[in-house]
Amino acid sequence: MPRRSTSPASQANEPVVQPEQLVSQVRLLLAEAQALSSRLAALNEIAIGIQEHLDTEQLLQTLARHARWVIDFQICSIAWVLPHGYRIQILRGTDPQHDAARSYAGGAIGRALGGQHAQLVNQATPADILPPGMQSALIIPLKSGGRPLGTLNFYHTNPDHYTLDDIRIAPALTTQAAAVLQNVQLFAEIAQARDELHTVLESIGDAVLVIDRSGNLRLANSAAVRLFALDTAELIGRPLVDLVLPATRRNLFVNPDDLGAIMAAWERDDHQGSGTVQFSDNRYFEWAIAPLQAIGKLDGAVITLRDVSDRVLLENLRDDMIQMLVHDLRTPLTSMIMSLDMLDFAQSRGDRELSEQTMKMARGASYRLLDQINLLLDLRKLEAGQLTLDLRPLPLPDLLNAAADTVRLIARGNNQTISVSHPSDVALIAADQALIRRVIENLLGNAVKFAPNGTIIELTAARVGDMIEFTVTDRGPGIPEEMRTQIFEKYVQIDGAMRRKGTGLGLTFCKLVVEQHGGTIGVDALIGGGSRFWFRLPLTAD
């Protein structure tokens, strides 16, 4: 086939490209490609750099430092979205008019936030609200998941400094930054929530254990660590059974079956249950287990153990007190009923002497019953501060002798003697006669109960400075040192020989009455055995 020829006329009509011009164009394209490649590489380095941080401030400083590889600027800032405007944070450079505490509105940043589009400012006007001296600006919106976070802002003193190429590549930078920034903020919120939860758990006095769906311990507050005498590292991540069994082996619990009840509650489908467990140190804990819900399904359980030792002690004391009160109230009541039966018998026989003796017995039983009831009522009033003292000058000898006469008959039945002595230089004291007399009678009554037969019980009064001191001394079993303060508390009694010989309220009544008079009360041990109960009251003028 013959070759196709080209006529000189057609060649003359086409433009001729000179070799030097072609080389120049190729070099320009290569330079632009190399610059673009460098900027893309810088973007990749920025992405790697900012993903290494979980702190917002560190992330922003890394972003601003590496952004110079992509965009030339003299000032770099970020504008945070506010409900009514935005707040500026300078990342690089200085802005003497910038106020970090102030909110702004409008300007190039306002336009970028309003339209969620990049803003290119090459000839700055006052309406653009640029930093002083800046002529060019590149404002790129920051958003994540469609939610605006703010804008990333670049400024330069040269006019027409930023181009469309900058607008094309800057969103790649801000997209990466917004995603990482959103994650950092979420992490900060989670960390804050975790810290708040930790603070709440550590401020709770109850022991708290969090169990995951596999039955492993995921969280334990310091109260739980102390309760089970284990380090946190020994608790976290271990199965619940590993906590229960070693504690049982260490005899931490009085009844190992109590912990079995906790395990049984955990193994239930609804992870619910409650009960009480007694520790070997005689502490009682009320436990409860409740399910953890996560998006409609069980995700574990929370176990709490609350120290209820004081409540259990009070309940036991209350039960003991009720039993003692029933006994103490039933005794005079029974005596009254028997006396009435005997009175009926004596009257049927016309035995006047027996009738009089029976009436005396019934009257005495009635008074004892009334004394018990008055003690309970007055004790409650004293505790509530509702009992008003009837303070009057009282002859001291008469007060002592009247109180001693009340218990002398019982003392004689035990072959005991009550001796009374008082100072000659004190004739009167200011006190509520009925209450102070009952205080002395209570102390004498206790001495008669616990002193051996055939011994002397001493009731004395003596001046001690500006106070008058009353003492009741006996040779009974004495009060252990560790109980000398506790016996004045409600329902407290001493184990052993002194157990259940009263309601445990008499000394409490004495303490409240004496303190209401502005005095003090106590007990001392005697050498060779016995006790010396004393109380002091302020003196009145003779």
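Here is what the cut-offs are and how they apply
- One numbering rule holds for all chains: residues counted from 1, following each sequence as written.
- Given that the model is predicted, a residue must reach a pLDDT of at least 70 before its local features are reported, and side-chain atom pairs must reach 80 or more before they are shown or counted; all residues, however, enter totals for whole chains, interfaces and linings.
- Based on all heavy atoms of the structure, the side-chain values leave hydrogens and waters out of the count.
- A run of H or I in DSSP counts as a helix once it spans at least four residues, and a run of E counts as a strand once it spans at least two, with each numbered from the N terminus.
- Burial here depends on accessible area, computed with a 1.4 Å probe over protein chains only, as a share of the maximum for the residue type. Under 20% is buried, over 50% is exposed, and the range in between is partly exposed.
- Per-residue and other accessible areas follow the Shrake-Rupley method at a 1.4 Å probe size, with only the shown protein chains counted as cover for residues.
- Two strands make a pair as long as DSSP finds a minimum of two bridges between them.
- Whether two residues touch is decided by their heavy atoms; if any such pair falls within 4.5 Å, the residues are in contact.
- In this description, a line fitted to the C-alpha atoms serves as the axis of each element, helices being fitted only across the stretch in contact, and the angle between N-to-C directions of two axes falls anywhere from 0 to 180 degrees.
- A helix's residues, less one, multiplied by 1.5 Å, set its expected span.
- One fitted axis covers the seven residues ending at a residue, a second covers the seven starting there, and the bend at that residue is the angle between these axes.
- How sure the predictor is of each residue is captured by pLDDT, a score from 0 to 100.
- We call a set of buried Ala, Val, Leu, Ile, Met, Phe, Trp, Tyr and Cys residues a nonpolar core when their side-chain atoms join them within 4.5 Å.

Let us now look at the overall build of the protein chain. When you go through the protein chain residue by residue, the secondary structure sums to 14 helices and 18 strands. Per-residue burial for the protein chain yields a buried fraction of 39% across its 542 residues. For the protein chain, the computed accessible surface area is about 30700 Å², with 54% contributed by carbon and sulfur atoms.

Counting buried positions over the six residues of strand 7 (residues 207–212) gives six, a clear majority of the element. Here strand 7 shows two buried faces, one formed by Ala-207, Leu-209 and Ile-211 and the other by Val-208, Val-210 and Asp-212. Pairing between strand 7 and strand 8 (residues 217–220): three bridges, direction antiparallel. Considered in strand 8, the bridge of Val-210 is made with Leu-219. Hairpin connection from strand 7 to strand 8: four residues lie between these consecutive antiparallel strands, with Gly-215 at a positive phi of about 85°.

The strand order across the open sheet built from six strands is 3-2-1-6-5-4, with neighbouring strands paired in antiparallel fashion. Both outer strands of the open sheet, strand 3 (103–104) and strand 4 (119–121), are each paired with one neighbouring strand and no more. Against the sheet, helix 4 (residues 107–115) touches strand 1 (75–82), strand 2 (85–92), strand 4, strand 5 (136–144) and strand 6 (147–156), its axis set at about 145° to strand 6.

Okay, helix 12 (residues 396–413) next. Count 3.6 residues to each turn of an α-helix, and residues three or four apart come out pointing the same way. Across its 18 residues, helix 12 extends 27 Å between first and last C-alpha, which sits within 8% of the 26 Å expected from 1.5 Å per residue. Val-407 marks where helix 12 bends most, by close to 45°. Residues Leu-396, Leu-399, Leu-400, Ala-403, Ala-404, Val-407 and Ala-411 constitute the buried set of helix 12. Against strand 12 (391–395), strand 13 (417–421), strand 14 (428–432), helix 13 (433–450), strand 15 (456–464) and strand 16 (467–474) lie the buried residues of helix 12. After helix 12 finishes, the residue Asn-415 shows a positive phi value of roughly 60°.

Quick look at the environment of Pro-159 now. Along the polypeptide, Pro-159 turns up in the loop between strand 6 and helix 5 (164–203). Judged by its relative accessible area of 41%, Pro-159 falls in the partly exposed class. Sequence separation between Pro-159 and Gln-135 is 24 residues; the distance between their C-alpha atoms is 4.9 Å. Residue contacts for Pro-159: discarding those within four places in its chain leaves Asn-122, Gln-123, Gln-135 and Ser-136.

Attention now moves to the confidence of the model for the protein chain. Here the protein chain averages 77 in pLDDT, while 77% of its residues score no lower than 70. Residue range residues 1–10 is modelled with pLDDT below 50. Its contacts to residues more than four positions away, or to other chains, number one contact. Low confidence marks residues 496–500, where pLDDT is under 50. Its contacts with residues over four positions away, or in another chain, come to eleven contacts.

This part covers unusual backbone geometry. The backbone of Gln-116 shows a phi angle near 55°, a positive value even though the residue is not glycine. The backbone of Asn-415 sits at a positive phi, close to 60°, despite the residue not being glycine. Within the element layout of this structure, Asn-415 appears in the loop between helix 12 and strand 13. On the accessibility criterion, Asn-415 (57% relative accessible area) is exposed.

This brings us to the nonpolar core. Ile-429, Ile-440, Leu-444, Phe-470 and Phe-535 are the most contacted members of the largest nonpolar core, which has 42 residues in total. Among the elements of the structure, helix 12, strand 14, helix 13, strand 15, strand 16, helix 14 (506–516), strand 17 (520–525) and strand 18 (531–538) are those that each provide at least two residues to this core. The element that contributes the greatest number of residues to this core is helix 13, accounting for eight residues. Leu-444 has contacts with Ala-403, Ala-404, Val-407, Ile-418, Ile-457, Leu-459 and Val-472, leaving out every residue within four places of it along the chain.

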